[in-house]
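Below are the chains, spelled out letter by letter.
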Amino acid sequence: MIRSFLPKDKNVLLGMARRMHQESDWSVLPFSEKQAGNIAHKVLGGDYACFVAEDQKIKGMIVGFVAPHYFTEALIAADLLCYVLPENRGGTYGYRLIKKFEQWAYEKGASIVTLGITTGVTTERTASLYKKLGYKQSGILLRKEF
């Protein structure tokens, strides 16, 4: 089942955020439970959306927002993260989370949805899923560590 984030989910999602951080390229930066908690507050405040994949336990999540792009009043939706626990990958959780996010974005008036892959985790497999869902590459993200 895909459902909206509930306040009772906060600790589970913080744990998932920690796992995502540990396995990602972002693990070079310190994990901040406070910052991850701030995202949960923004979801509860209505600034962001969060949907979870649940099958007795939470298996994955997607967090994103809808806002005008910087050069237009047209609304776009963008994800902050889409994460499925490693032991639950290869099924339909990611697909169903994205479809729910797309539905929400459409209902909010977005005309474009963007999804990023910045973790370095199963990048090619994730991109393949996104392409199967109709997404096209729209840029490249480069980063430099200091």
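Residue positions within a chain follow its written sequence, with the count starting from 1. For a predicted model such as this one, the threshold for reporting local features is a pLDDT of at least 70, and the threshold for listing and counting side-chain atom pairs is 80 or more; totals across whole chains, interfaces and linings nevertheless cover every residue. Side-chain numbers here rest on the full set of heavy atoms in the structure, without hydrogens or water.

Another point: the overall build of the protein. Strands here mean DSSP runs of E at least two residues long; helices mean DSSP runs of H or I at least four residues long; both are numbered from the N terminus. The secondary structure content of the protein amounts to four helices and five strands. The order of α-helices and β-strands along the protein, N terminus first, is β-α-α-β-β-β-α-β-α. In this setup the radius of gyration rests on C-alpha atoms only. A globule is expected at 2.2 Å times the number of residues raised to 0.38. A globule of 146 residues ought to have a C-alpha radius of gyration of about 15 Å, and the protein, at 15 Å, matches this closely. Excluding contacts between residues fewer than 6 apart, the proportion of contacts in the protein whose partners are at least 24 apart in sequence is 60%. Accessible surface computed for the protein: about 9300 Å², of which carbon and sulfur atoms make up 54%. Of note, the protein has its 20 positive side-chain charges centred 2 Å away from the centre of its 14 negative side-chain charges. Contacts were defined at the residue level, with two residues in contact if any of their heavy atoms lie within 4.5 Å. For the area figures, the Shrake-Rupley method with a 1.4 Å probe applies, and any residue is considered shielded solely by the protein chains shown. The convention is simple: Lys and Arg are positive, Asp and Glu are negative, and His and the chain ends are not counted. Lys charges are placed at NZ, Arg charges at CZ, Asp charges at CG and Glu charges at CD.

A general feature of soluble globular proteins is that nonpolar side chains tend to end up buried together. If you look at the biggest cluster of nonpolar residues, it comprises 19 residues, and the most contacted ones within it are F51, L97, I98, F101 and W104. No other element matches the six residues that helix α3 (residues 93–107) contributes to this core. Apart from the residues lying within four places of it in its own chain, the contact partners of L97 are I2, F51, V52, A53, G60, M61, I62, Y83 and V84. Judged by nonpolar contacts, the second largest core, of 15 residues, contains M20, A40, Y48 and C50. In plain words, nonpolar cores are sets of buried Ala, Val, Leu, Ile, Met, Phe, Trp, Tyr and Cys residues tied together by side-chain atoms within 4.5 Å. Under the scheme applied here, a residue whose accessible area is under 20% of the maximum for its type counts as buried, over 50% as exposed, and between as partly exposed, the area being computed with a 1.4 Å probe on protein chains only.

Moving on, we get to the pattern of salt bridges. We define a salt bridge as a side-chain nitrogen of Lys or Arg found within 4 Å of a carboxyl oxygen belonging to Asp or Glu. This structure, assessed with the given rule, holds seven salt bridges. In this structure, R18 engages E33 in a salt bridge whose closest nitrogen and oxygen atoms are separated by 3.4 Å. You can see R18 sitting in helix α1 (residues 10–23) and its partner E33 sitting in helix α2 (residues 33–44), a full 15 residues away along the chain. Accessibility expressed as a relative area gives 34% for R18, which makes it partly exposed. We note a salt bridge from K99 to E102, for which the minimum N-O separation is 3.2 Å. Here the residue K99 and the residue E102 both occupy positions in helix α3, the gap between them amounting to three residues, near one helical turn. Connected through shared salt-bridge partners, R3, D9 and E54 make up one network.

Like-charged residues are merged into a patch within 9 Å and nonpolar side chains (Val, Leu, Ile, Met, Phe, Trp, Tyr) within 5 Å, provided each residue has over 30% relative accessible area and no salt bridge. The grouping of W26, V28 and L29 at the surface amounts to a nonpolar patch, some 270 Å² of accessible area in total. With respect to the element layout, L29 can be found in the loop between α1 and α2.

Pairing between two strands is assigned when DSSP locates at least 2 bridges connecting them. When strand β2 (residues 49–55) meets strand β3 (residues 57–68), the two strands line up antiparallel, connected through seven bridges. Residue pairing for β3: A49 is matched across the bridge by G64. Connecting β2 to the antiparallel partner β3 that follows it, the hairpin turn spans one residue, and Q56 within it adopts a positive phi of roughly 70°. Where β3 meets strand β4 (residues 75–84), nine bridges bridge the pair, whose relative direction is antiparallel. Within β4, the position partnered with M61 by the bridge is Y83. In sequence, β3 turns back onto β4 through a hairpin of six residues.

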